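Chains, contacts and geometry: an overview
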Amino acid sequence: TLATLQTKIVTAGDPVRIDSNWTVSGIVTADDRSGNFYKQIVIEDSTGGMTILIDATSLYAKYPIGRKLYIKLQGLYYGKYGGLPQIGSSPDNSGAITKLSPAKADSAVIKATFPNPLPSHHFSESFRHACKHSGPHEWWRLQYDLPAI
């Protein structure tokens, strides 16, 4: 699960390369269609959510909301931005995780079934807090009929 991955990877803030042959799965719950998530998608399972950074636009066409994805993590990087977990490529000079190249995304992000119901749980408190303080929380509330936060 996504929560299990987060407990296995201990980071003091610096991105960590994943060398183990791990795979996680989740349902796409946010994409770049609305313009709120530029070059990224968000996946969730019943335990939490995670952002996947991909250096491409129109990701909604390939990874629409409701699509189940498997993420092959070996060779990718895990880190946090604003306290929220994300997966991407090697860090840049500032230490921030960079976006996966389209070719790398094609080999690491495996499309599965579509459509799927969105996870029925509420977002984690840290994710809700970030959305509340970054502006798009109304979009989230309206998109998924969540209670106001």
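Residues numbered from 1 in each chain as written. Predicted model: local features only at pLDDT ≥ 70, side-chain atom pairs only at ≥ 80, totals over all residues. Heavy atoms only, no water.

**Some points on the pattern of salt bridges**
Two side chains with opposite charge may pair up if their charged atoms get near one another. Applicable threshold: Between Lys or Arg on one side and Asp or Glu on the other, a salt bridge is scored when a side-chain nitrogen of the former is within 4 Å of a carboxyl oxygen of the latter. The way it works is that DSSP assigns letters per residue, a run of H or I at least four long becomes a helix, a run of E at least two long becomes a strand, and they are numbered from the N terminus. The classification of residues rests on relative accessible area computed with a 1.4 Å probe and restricted to protein chains. Under 20% of the type maximum is buried, over 50% is exposed, and intermediate values are partly exposed.
This model, assessed by the stated rule, comprises three salt bridges. Between Asp19 and Arg17 there is a salt bridge, with its nearest N and O atoms 2.7 Å apart. Put simply, Lys62 and Asp106 hold a salt bridge, and the shortest N to O gap is 2.5 Å. Highlighted residues: Lys62 in helix H2 (residues 59-62) and Asp106 in helix H3 (residues 102-108), separated in sequence by 44 residues. Classification of Asp106 by relative accessible area gives partly exposed; the value is 44%.

**Description of the side chain of Lys39**
Let me state the cut-off plainly: Nitrogen and oxygen atoms within 3.5 Å of one another constitute a polar contact, given that in protein one can donate a hydrogen and the other can accept it, and given that sequence-neighbouring residues count only through two side-chain atoms. Pairs of residues are marked as contacts when any of their non-hydrogen atoms sit within 4.5 Å.
Turning to its location among the elements, Lys39 is positioned in the loop between strand E2 (23-30) and strand E3 (40-45). We classify Lys39 as buried; its relative accessible area is 16%. Here the side chain of Lys39 touches Asp55 through a polar contact of 2.8 Å, side chain to side chain. What Lys39 contacts, discounting residues up to four positions off in sequence, is Asp32, Ile52, Leu53, Ile54, Asp55, Ala56, Thr57, Leu59 and Lys99.

**Description of the confidence of the model for the protein chain**
Selection criterion: What pLDDT reports is the predictor's confidence in each residue, on a scale of 0 through 100.
Overall, the prediction assigns the protein chain a mean pLDDT of 82, with 78% of residues at 70 or greater. Per-element confidence in the protein chain ranges from a low mean pLDDT of 40 for helix H5 (residues 137-144) to a high of 97 for H3. Overall, residues 133-149 carries pLDDT values under 50, and its contacts beyond four positions in sequence, including any with other chains, amount to 31 contacts.

**What about the nonpolar core?**
Note the cut-off: Here, nonpolar core means buried Ala, Val, Leu, Ile, Met, Phe, Trp, Tyr and Cys residues that are tied together by side-chain atoms lying within 4.5 Å of each other.
In this structure, Ile52, Tyr63 and Ile71 are the most contacted members of the largest nonpolar core, which totals 23 residues. Only helix H1 (2-8), E2, E3, strand E4 (48-53), strand E5 (68-72) and H3 provide two or more residues apiece to this core. With near-sequence residues (within four places) excluded, Tyr63 lies in contact with Val28, Asp31, Ile41, Ile54, Leu69, Ala105, Asp106, Val109 and Lys111.

**Let's talk about the pairing of E3**
Rules: For two strands to be treated as a pair, DSSP must find at least two bridges joining them.
Within E3, five of the six residues are buried, which leaves it mostly tucked inside the rest of the structure. Where E3 meets E4, six bridges bridge the pair, whose relative direction is antiparallel. The residue bridging Asp45 from the neighbouring strand is Gly48, located in E4. Between E3 and E4, which pair antiparallel in sequence order, lie two residues.

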